[in-house]
Amino acid sequence: MAQPIVKLNHVSKSYGDSTVLKDINLELEAGKFYTLLGPSGSGKTTILQTISGFTSVDAGDVYFDGQRINELPPNRRKVNTVFQDYALFPNMNVFDNVAFGLTLQNVKKAEITRRVTSALKSVHLNGYGNREISELSGGQKQRVAIARAIIMEPKMLLLDEPLSALDAKLRRDMQYELRELQQRLGITFLFITHDQEEALAMSDEIFVMNDGVILQSGTPVDIYDEPINHFVANFIGESNILNGVMREDYVVEFVGKRFECEDAGMRPNEPVEVVMRPEDLTITTVENGKLVVTIDTQLFRGDYYEIAATDDDGNEWLIHSTNSVPDNSRVGVTFAPNDIHVMRFNESEEDFDARLETYETDD
Amino acid sequence: MTKRFKFSNLYLLVVFIILYAPILFLIAFSFSEGDSMSHFQGFTLSHYSALLRDSRLIIIVLQTLLIALLSSLFATIIGTLGALGINQTSRTITRNTILSFNNILIVSPDVIIGASFLIFFTALQLPLGFSTVLLSHIAFSIPIVVLMVLPKLRELGTSMVSAAADLGATNWQILSKIVFPFITPGILSGFFMALTYSLDDFAVTFFVTGNGFSTLSVEIYSRARQGISLEINALSGVLFVFSLLLVVGYYFLNQYQQSRKLKRTTREEDIL
């Protein structure tokens with residue numbers, strides 16, 4: 001593997017009594033789109049600040065491009081940040097905001113003009129140079145902030161919840177644009193968000209955080225399909241999480257029935273949690289159903305119906321279906337063995353990966 | 001509806017008459033031929049020509065202006081740096097303590113401040129005069145400047161400073177290119193507040209001034225004790241018109257800037 005662009009080695013940080021980062025180990029490869037995903041207070045912004053230099057770490061080492069940068073001040077680090085509140089300078093117009101970093105380096109006027117023009121072009125703001133910041137909309141401010149950061153040609157761009165202040169439609173557009181921009185520039189993006197949809201849509205790799213710990217890292221598909229624990233399963237997407245017992249390899253028991261599954265490597269009769277995504281559950285007739293449920297309510301979400309149902313044992317189920325089902329009707333629910341994902345209690349990411357190795361030989 | 005509106009207008013009119021009547025009364029008598037303000041005795045400009053010939057009074061006016069400009073300049077510099085320092089304090093307790101000390105100086109009576117400066121300067125055996133007046137004016141203006149600059153610094157927040165550092169700015173560049181331009185309105189209003197406080201001040205100056213140096217307020221006070229001469233009325237008239245012109249000038253300057261900004265915005269919208 002090539003040398004990682006950023007490496008955090010056993011990094012810890014606390015403010016007073018509260019520990020915000022607990023022994024974080026993290027490696028980021030050059031040229032990829034990474035996302036730190038977690039609820040507010042999970043420590044994701046602190047990780048970003050240890051890389052940008054606005055937070056010093058209590059213990060551990062921060063490496064950038066192979067160099068230890070613990071003591072390097074922010075203005076000498078080769079990373080740039082897009083701030084959550086944009087942090088544009090109101091006393092300058094768009095052009096001067098974008099040119100700010102270059103003017104500090106005494107770059108020649110013509111060169112500045114050329115690079116500002118091209119930076120504004122890459123965020124689709126050609127011709128906005130003379131605008132005042134106060135005349136811009138939220139989305140335009142966001143683009144200026146991005147242009148101001150990428151003009152510095154950093155090896156890595158840090159984005160601190162940059163889309164959280166935009167409305168839903170604009171946010172979706174910006175997701176495409178950010179992804180496209182990252183691929184065009186070929187630099188590493190570290191994106192911070194609490195929005196799991198954003199993370200799934202844009203990232204090459206996601207780090208899910210909670211309480212100062214990275215719980216799981218992997219591609220969006222891995223994390224969505226094989227969440228490591230209850231928190232990740234619940235935080236990423238909608239899910240049905242049930243208590244069950246692993247009877248033997250490839251057989252799990254929940255809601256009083258045994259089902260074939262694709263998980264193995266656990267102790268016989270080990271208590272586990274079972275995750276089933278609502279879109280993997282298919283509604284069928286009562287006779288064909290592996291489960292029988294009664295429909296409680298349903299909400300039309302545009303591209304699907306979100307159906308809440310209860311089975312005969314009182315367990316609640318969330319089902320996504322393209323077809324509407326009458327309320328209070330009894331229907332069958334069916335699913336395939338690979339729709340069942342089994343989670344062990346308190347399993348670390350290393351153990352999880354190691355266990356997968358033991359039986360997923362074909363992959 | 002209309003009736004109540006009229007009543008509020010009337011109220012406003014009465015208030016302004018009460019506020020301005022004494023000043024207008026004073027100015028009116030500056031054109032009176034007599035020597036006292038008991039009766040108006042025909043129009044003359046003689047008091048104004050006397051004012052022009054009274055070189056002592058003119059020197060005092062210039063001294064007052066000099067003290068005001070110098071003291072507010074120094075106070076603005078020191079106060080702005082102080083506000084920057086207070087803004088840097090990370091602990092709320094420290095910050096609030098410093099701010100309280102700052103505010104105490106503003107609310108404490110001028111007489112106390114003046115007396116304590118007098119005791120202080122005599123203890124140091126400084127000769128009373130220009131320098132002591134200047135020092136004390138600087139001292140009582142600093143808290144005002146601090147109070148005017150701090151809100152702007154709070155408004156600035158941390159993210160803009162972080163952004164500048166992130167783009168490679170050194171501490172000095174952050175200060176000169178981001179912080180100062182942003183807080184300039186606060187600094188300016190602090191300067192002008194300090195200026196008016198200094199021009200106004202009687203109590204402190206009265207204590208700390210010495211032989212051969214006087215400011216306008218002290219001079220008028222000492223003259224008024226011997227029965228006010230209408231020359232003072234003429235001076236008041238001149239100062240009143242002067243401040244009126246300042247206010248009007250400020251108004252038009254503001255209007256001009258706003259219309260220019262508006263024009264540019266609309267012009268750019270036309271282009272789109």
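Sequence order sets the numbering: in each chain, residues are counted from 1 along the sequence as written. Both sets of labels track the order of writing: A upward for chains, 1 upward for ligands. The model is predicted, so local features are restricted to residues of pLDDT at least 70 and side-chain atom pairs to those at 80 or more, both for listing and for counting; the totals for chains, interfaces and linings are taken over all residues. Side-chain numbers come from the whole structure's heavy atoms, not from hydrogens or water.

UniProt positions are given in the numbering used here, feature names are shortened, and annotations may be inferred rather than shown by experiment. Within this structure's numbering, the places UniProt gives as "transmembrane region" (unreviewed entry) are residues 12–31, 57–84, 104–124, 130–150, 178–197 and 234–253 of chain B. A run of H or I in DSSP counts as a helix once it spans at least four residues, and a run of E counts as a strand once it spans at least two, with each numbered from the N terminus. Annotated as 100% helix and 0% strand, the span residues 234–253 of chain B places its first and last C-alpha atoms 28 Å apart.

A separate point is the UniProt feature "domain: ABC transporter" (unreviewed entry) in chain A. The feature "domain: ABC transporter" (unreviewed entry), as annotated in UniProt, sits at residues 6–236 of chain A in this numbering. Its end C-alpha atoms 25 Å apart, residues 6–236 of chain A is made of 36% helix and 26% strand.

A separate point is helix 3 (residues 109–122) of chain A. All names here are of chain A. The span expected for a helix works out to 1.5 Å for each residue beyond the first. The end-to-end C-alpha separation of helix 3 is 20 Å, in line with the 20 Å expected for 14 residues at 1.5 Å each. Only protein chains enter the area calculation, which uses a 1.4 Å probe; residues under 20% of their type maximum are buried, those over 50% are exposed, and those in between are partly exposed. All of the buried residues along helix 3 are I112, R115, V116, A119, L120 and S122. For helix 3, the angular spread of the buried residues around the axis is 155°, confining them to a single face. Exposed and oriented more than 90 degrees from the buried face of helix 3 are A110, R114 and K121. Of the residues one or two after helix 3, H124 is the one with positive phi, at around 60°. Think of it as the arc spanned by the lines of direction from the helix axis to the C-beta atoms.

Quick look at the packing of helix 7 (residues 159–166) of chain B against helix 8 (residues 171–200) of chain B now. Residues and elements named next belong to chain B. Axes, fitted as lines to C-alpha atoms, cover a helix only where it is in contact. Angles between the N-to-C directions of the axes lie from 0 to 180 degrees. Direction vectors running N to C along helix 7 and helix 8 enclose 155°, while the axes themselves pass 10 Å from each other. With respect to each other, helix 7 and helix 8 are oriented roughly antiparallel. Between helix 7 and helix 8 lies a crossing whose hand is right-handed. Where helix 7 approaches helix 8, its residues M160, V161, A164 and A165 are matched on the opposing element by I174, I178, V179 and F182. When describing relative orientation, an angle under 35 degrees is termed roughly parallel and one over 145 degrees roughly antiparallel, while 65 to 115 degrees is termed roughly perpendicular and anything else oblique. In this scheme the crossing of two helices becomes right-handed for a clockwise turn of the near helix relative to the far one and left-handed for an anticlockwise turn of less than a right angle. In this description, contact between two residues means that some pair of their heavy atoms is separated by no more than 4.5 Å.

The subject of this paragraph is the layout of surface pockets. Residues and elements named next belong to chain B. A cavity, in this analysis, means grid points on a 1 Å lattice covering only the protein atoms where a 1.4 Å probe fits yet has no way out; a pocket is instead an open set bounded by protein on both sides within 12 Å along at least five of seven lines, and a residue lines either one if it has an atom within 4 Å of a point. Grid points are joined across faces, edges and corners, and a volume is the space filled by probe spheres set on the points. Its boundaries defined by the atoms lining it, the largest pocket holds a volume of some 1,300 Å³. Around the largest pocket sit 31 residues that line it, and L195, T196, L199, S243 and L246 are the ones nearest its centre. Where the lining of the largest pocket is concerned, the elements lending two or more residues are helix 3 (55–88), helix 8, helix 10 (216–225) and helix 11 (230–271). Ranked by residue count, the leading element in the lining of the largest pocket is helix 11, at 13 residues. Only Asp, Glu, Lys and Arg are considered charged, only Ala, Val, Leu, Ile, Met, Phe, Trp, Tyr, Cys and Pro nonpolar, and every remaining residue, Gly among them, polar. Among the residues making up the lining of the largest pocket, the classes are represented as 21 nonpolar, nine polar and one charged.

Before going further, it helps to examine the interface of chain B and chain A. Chain B puts 20 residues into the contact, and the matching count from chain A is 24 residues. Any Lys or Arg side-chain nitrogen found within 4 Å of a carboxyl oxygen on Asp or Glu counts as a salt bridge. In this assembly, chain B and chain A are joined by zero salt bridges. Polar contact criterion, stated in full: a pair of N or O atoms within 3.5 Å, where within protein one must be able to donate a hydrogen and the other to accept it, and residues adjacent in sequence count only if both atoms are side-chain atoms. Applying the counting criterion to the chain B and chain A interface returns six residue pairs in polar contact (both at pLDDT 80 or more). Put simply, the parts of the chain that give the side of chain B that touches chain A at least two residues each are helix 7, helix 8 and helix 11 of chain B. Looking at side-chain class alone, the side of chain B that touches chain A contains 10 nonpolar, six polar and four charged residues.

All names here are of chain A. Throughout the structure description, domain borders are defined by an automatic or database domain assignment. One can read the domain layout of chain A as domain 1 (6–225), domain 2 (238–276 + 336–363) and domain 3 (282–334). Here domain 2 and domain 3 have C-alpha centroids that lie 24 Å from each other. Domain 2 puts nine residues into the contact, and the matching count from domain 3 is 10 residues. A per-residue breakdown of the area domain 2 buries against domain 3 is headed by E238, N240 and V255, which together make up 55% of the total. Where domain 2 touches domain 3, the interface holds zero salt bridges. Counting every contact that joins domain 2 to domain 3 gives one residue pair in polar contact (both at pLDDT 80 or more). Buried area is understood as the total, over both parts, of accessible area removed when two parts are fitted together, assessed with a 1.4 Å probe.

Bringing a nonpolar patch on the surface into the picture now. Residues and elements named next belong to chain B. Residues F7, L10, Y11, L13, V14, I17 and I18 make up a contiguous nonpolar surface patch of about 770 Å² in total accessible area. Tracing the sequence through the fold places V14 in helix 1 (residues 2–29). A residue is classified by how much of its surface remains accessible, and V14, at 41% relative accessible area, is partly exposed. What makes a patch is a set of residues exposed beyond 30% relative accessible area and free of salt bridges, joined within 9 Å when like-charged and within 5 Å when nonpolar (Val, Leu, Ile, Met, Phe, Trp, Tyr). Only the protein chains shown count as covering a residue, and every accessible area follows the Shrake-Rupley method with a 1.4 Å probe.

On to the pairing of strand 4 (residues 59–64) of chain A. Residue and element names in this part refer to chain A. In short, DSSP must find at least two bridges between two strands for them to pair. Alignment of strand 1 (residues 6–15) against strand 4, held across five bridges, turns out to be antiparallel. Each bridged residue has a counterpart across the sheet, and for L8 the counterpart in strand 4 is V62. In the sheet, strand 4 pairs with strand 5 (residues 67–68) via two bridges, with the strands oriented antiparallel. The partner of F64 across the bridge, within strand 5, is Q67. The antiparallel hairpin formed by strand 4 and strand 5 contains two residues in its connecting segment, where D65 sits at a positive phi of about 55°.

Turning next to the packing of aromatic side chains. Any Phe, Tyr or Trp ring, taking Trp's six-membered ring, that has another such ring centre within 6.5 Å forms a pair; planes under 30 degrees apart are called stacked, those over 60 apart edge-to-face, and the others tilted. Tallied over the full model, the rule gives 23 aromatic pairs over all chains. Look at F29 of chain B and F40 of chain B: their rings are 5.8 Å apart centre to centre, the planes differ by 65°, and that puts the pair in the edge-to-face class. Of this pair, F29 of chain B sits in helix 1 while F40 of chain B sits in the loop between helix 1 and helix 2 (46–53), and the two are 11 residues apart along the sequence. With 5.4 Å between their ring centres and 75° between their planes, Y251 of chain B and F252 of chain B make a pair best called edge-to-face. Put simply, the rings of F33, F189 and F191 of chain A touch in pairs and so form one group of aromatic residues. When the NZ atom of lysine or the CZ atom of arginine is within 6 Å of a ring's centre and also within 35 degrees of its normal, the charge is said to sit over that ring. Residue placement shows R148 of chain A over the ring face of F89 of chain A; its charged tip is 4.6 Å from the ring centre.

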